[in-house]
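# Coordinate analysis (summary)
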Amino acid sequence: MILRLQAKGIAADRNRLIIGYGSSQILGLLPLVFVEPGDVVIVEGPTFLGVVNRFIHAGAHLITIPVDELGMDVDALEVTLSDLKKQGIRPRFIYTIPTFHNPTGATMPLFRRQKLVALAAEYGVLVVEDDAYSDLRFQGEAVPPLATLDKEGWVLYVSTFSKIIAPGVRLGWACGDPAIIERLAMFKSEGPVGPFISHVVARYCASGKLDNHIQQLIACYKHKCNLLLEAIAHEFPSDIVALRPGGGFFVGVIAARH
């Protein structure tokens, strides 16, 4: 796992890493660590409903930033952060899915990623990068994770094996500033991840089979994506346009501009 992260350009070692029962468990720890009732959390609109519910149940006040075909609108984010600062409010964190976004399929380009990381540093706000899908790219050039652009420790990178091995493989991780990892570990009451699934995944990765398996998944998802796009083109009203994703699980649709 550390080697895979380092291959992406992410600074990873044992002190910067926490393992959980899927990325959902780790994302569920965030409000326990960071949020008191009434605290502001910034999310994309729309975004992954499962994590939104966890934030709401913790009492977070959610502020949404719109998503377009290029992902989160970071100009709108800048305005929001500026307005909150004038009110003396610092958000607890910003949650984003920058690559193959759930549910729009959008991928944030490099210039937006650079601005997002710069805003995090300027306003002192943690960015939680949910990167569950980036290995499933079937067209276009890869874009660096936010974590590779972060030089000051403002990005917490979260990912999972469930999307690249099998859905039942509940093994995920977060990589970030050691102080944040330590606080997350304090609230992980279930203790260490089960040794059986950990050793199975470790053996599978060490065998060299994972990358071949990912390529098979990419071919499968590309085929399904093309079928879906063809169906939308033929069956949906003419004023509905599908946004072709570069990978992942999701296809967004928008109303055509006239």
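### Structural notes on the packing of helix α2 (residues 22–34) against helix α3 (residues 49–57)
Between α2 and α3, whose axes approach to 8 Å, the crossing angle comes to 25°. It follows that α2 is roughly parallel to α3 by the angle criterion. The interaxial crossing formed by α2 with α3 has right-handed handedness. Counting all contacts with α2, which are made through S24, L27, G28, L30 and P31, the residues of α3 involved are V51, R54 and F55. When its residues are assigned to classes, the contact of α2 with α3 shows 5 nonpolar, 2 polar and 1 charged.

### A closer look at the packing of α2 against helix α7 (residues 178–186)
When two helices pack together, you describe them by how their axes are tilted relative to each other and by the distance separating the axes. For the pair α2 and α7, the least separation of the axes is 9 Å and the interaxial angle reads 95°. Our classification of the angle between α2 and α7 gives roughly perpendicular. Between α2, through L29, L30, V33 and F34, and α7, the contact on the second element is made entirely by I180, R183 and L184. Considered class by class, the residues forming the contact of α2 with α7 number 6 nonpolar, no polar and 1 charged.

### Side note on the environment of L184
Mapped onto the secondary structure, L184 falls in helix α7. Given the relative accessible area of 0%, L184 is considered buried. For the pair L184 and S207, spaced 23 residues apart in sequence, the C-alpha to C-alpha distance is 31 Å. Residue contacts for L184: discarding those within four places in its chain leaves I18, L29, L30, V33 and L156.

The rules behind these values
For every chain, the first residue of the written sequence is number 1, and numbering continues from 1 onward in sequence order. Selection of residues for local features in this predicted model requires a pLDDT of at least 70, selection of side-chain atom pairs for listing and counting requires 80 or more, and totals for whole chains, interfaces and linings are taken over all residues. The side-chain numbers reported here are obtained from all heavy atoms of the structure, hydrogens and water having been left aside. For every element, the axis is a line fit to its C-alpha atoms; helices are fit only across the contacting stretch, and the angle between N-to-C directions ranges from 0 to 180 degrees. Strands are runs of DSSP state E lasting at least two residues, helices are runs of H or I lasting at least four, and both sets are numbered from the N terminus onward. Here the word oblique covers every angle except those under 35 degrees (roughly parallel), over 145 (roughly antiparallel) and from 65 to 115 (roughly perpendicular). Note on convention: near helix rotated counterclockwise from far helix by under a right angle means a left-handed crossing. Clockwise means right-handed. What makes two residues a contact is simply this: any of their non-hydrogen atoms within 4.5 Å. Gly falls in the polar group here, along with every residue not listed as nonpolar (Ala, Val, Leu, Ile, Met, Phe, Trp, Tyr, Cys, Pro) or charged (Asp, Glu, Lys, Arg). Throughout this description, buried means an accessible area under 20% of the type-specific maximum (1.4 Å probe, protein chains only), exposed means over 50%, and partly exposed covers the range between.

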